[in-house]
Structures are given as C-alpha cells and as structure tokens.
Amino acid sequence: MTDQQRGTPGNGTPGNGTSRNSVPVIPRTGIGIDVHAYAAEHEPQPLWLGGLFWDGERGLAGHSDGDPVAHAAADALFSACGIGDLGTHFGTDRPEYAGASGVTLLAEAARIVRAQGFEIGNIAVQFVANLPKFGPRREESQRVLSDAAGAPVSVSATTSDGLGFTGRGEGISAVATALVYPVGQAALAPVTYA
C-alpha cells in the first residue's frame, strides 16, 4: 500500500494526509447484515457457513446457499461503496444466482467493488448461532473467505444466551463491517453528497 492509499504523508506531502495533488484519500466503511432461517425438516439443506460445508449440521433456507457470513461480508462491501446491497446485485429476481455459493457471491462482490474504483482494506464478520462449534474451523473459514475477497476477512462467533430467534435455534444471523478506499481515478474524484 502506498502512502497516498494510506492517506499518510509521504513523497514530500505536507503531513496532513493528502496526496501530492492535495486530494485526501478517505477510507469508507460499510455494514452488512444477513439472516437465514433453518430449512424445514421435510426439505433438508446442507449447512454452508463461513464458506465451509458443515457435515451433519442442519442447513439454512435461502435463494443461494444460505451462508449468512459470506452474504453479510458481500453486503458490507456494497454498503461501503454506496452501490446498493446484496439484493440489488444477487436478489431473488436473478435466477442465475439460485443455489450459488456464498464464496462465489463474495468473490463477485469484490470484483464489482474493484470495478467501481475501490480496493478492500479488510472485512470483519460476527455471526450469532448456537451451532455449529466454530472455533476449530475459524482459520479455515477465514482463509477461504479471504481468498474469495482478495483481502483479509476475520470471522468470529457468539451466541445470544438463549434469547431471540438465534437463541431458540430458529436460524443464524451475521453482521459484517468492511473498509474500502478509492484508488486510481476514484481517489482523485471530488467527494459528493446526495
């Protein structure tokens, strides 16, 4: 990462976080949330969570593979760039994404974000569920998601102490944050507010 991308002084800049062209490089943050209910017992689905298949665990219902961790990460990227949300790009009106892997959606979200003139700093995701036990596979999940995004992705898990739909074992929720920053021509464009 260059000094200009970091927004730090360098190459003779005046120490105020600006580039040589006096255009500040301002990182942007986004938030994504995704929730999926468990699939009905008479219509079982495989569980995909954090980009991984969880053998023997009850799966989630969804238009794609129902991976709330990957979906929240993609949604946070779109939010940070101000280019819509998961439904805008991969909604139920897009039959080509029916059954799609969350890893595939995250990789495509990262491609879209970069095509809009942004680079990804990092993504952090936390999901809320009683099962599965995530700790033993955390590193594997983070590696798969980071490879898909082309940037660091961290994942943590928690429970809701028996409260709400996650506590009752009705589904899984995930919330993600993403940090992106403009590059190339996007970094030189004036900031506009709607």
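Caption draft 1: Broad picture of the packing of helix α2 (residues 68–81) against helix α4 (residues 102–115). Interaxial distance between α2 and α4 falls to 8 Å at its minimum, and their mutual angle equals 10 degrees. With respect to their mutual orientation, α2 and α4 come out roughly parallel. By crossing handedness, the relation of α2 to α4 is classed as left-handed. The segment α2 lies against α4, with Ala 70, His 71, Ala 73, Ala 74, Leu 77, Phe 78 and Cys 81 engaging Gly 102, Val 103, Leu 105, Leu 106, Ala 109, Ala 110, Ile 112 and Val 113.

Caption draft 2: Molecular detail of the sheet that holds strand β1 (residues 28–37). A sheet is described by the order of its strands in space; here four strands give the open sequence β1-β6-β4-β5, paired in mixed fashion. Edge positions in the open sheet fall to β1 and β5 (153–158), since each of these has one partner strand only. This sheet shows a mean twist of 15 degrees between the axes of neighbouring strands, independent of strand direction. One ladder, built from ten bridges, connects strand β4 (residues 118–128) with strand β6 (residues 171–182); its direction is antiparallel. Within the sheet, the bridge partner assigned to Ile 123 lies in β6 and is Ala 178. Contacting β1, β4, β5 and β6, α2 crosses the sheet at an angle of about 150 degrees to β1. Sitting on the sheet, α4 is in contact with β4 and β6, with an inclination near 145 degrees to β4.

Caption draft 3: The nonpolar core, seen in detail. The biggest cluster of nonpolar side chains holds 45 residues, and the ones touching the most others in it are Leu 77, Leu 106, Val 113, Ile 123 and Phe 127. Top contributing element to this core by residue count: α2, with ten residues. In this structure, Leu 106 is in contact with Ala 70, Ala 73, Ala 74, Leu 77, Ile 123, Leu 145, Ala 148 and Ala 149, ignoring residues within four places of it in sequence.

Caption draft 4: View of α4. Between its terminal C-alpha atoms α4 stretches 20 Å, which fits the 20 Å expected from 14 residues at 1.5 Å a residue. Taken together, the buried positions of α4 are Gly 102, Leu 105, Leu 106, Ala 109, Ala 110, Ile 112 and Val 113. Considered in projection along α4, the buried side chains sweep an arc of 160 degrees and stay on one side of the axis. Buried residues belonging to α4 abut α2, α3 (86–90), β4, α5 (138–149) and β6. Among the residues trailing α4, Gly 117 stands out with phi positive, at a value near 95 degrees.

Caption draft 5: Quick peek at the packing of aromatic side chains. For the structure shown, the criterion picks out four aromatic pairs. Ring centres of Trp 54 and Phe 134 lie 6.2 Å apart, and the angle between their planes is 35 degrees; this geometry places the pair in the tilted category. Linking Trp 54 in strand β3 (residues 52–54) with Phe 134 in the loop between β4 and α5, this pair joins segments that are 80 residues apart in sequence. Accessibility assignment for this pair places Trp 54 and Phe 134 in one class, buried. When the ring of Phe 127 is compared with that of Phe 134, the centres are 5.1 Å apart and the planes differ by 90 degrees; the resulting orientation is edge-to-face. On the basis of relative accessibility, which here comes to 0%, the residue Phe 127 falls in the buried class. Accessibility expressed as a relative area gives 3% for Phe 134, which makes it buried.

Rules used in this analysis
Residues numbered from 1 in each chain as written. Predicted model: local features only at pLDDT ≥ 70, side-chain atom pairs only at ≥ 80, totals over all residues. Heavy atoms only, no water. Axes fitted to C-alpha atoms, helices over the stretch in contact; angles between N-to-C directions. Helix = DSSP H or I, 4+ residues; strand = E, 2+ residues; numbered from the N terminus. Parallel < 35°, antiparallel > 145°, perpendicular 65-115°, else oblique. Left-handed = near helix turned anticlockwise from the far one by under 90°. Contact = heavy atoms within 4.5 Å. Pairing = 2+ DSSP bridges. Core = buried A, V, L, I, M, F, W, Y, C linked by side-chain atoms within 4.5 Å. Buried < 20%, exposed > 50% of the residue type's maximum accessible area, 1.4 Å probe, protein only. Expected span 1.5 Å × (residues − 1). Arc of directions from axis to C-beta. Phe/Tyr/Trp six-rings, centres within 6.5 Å; stacked < 30°, edge-to-face > 60°.

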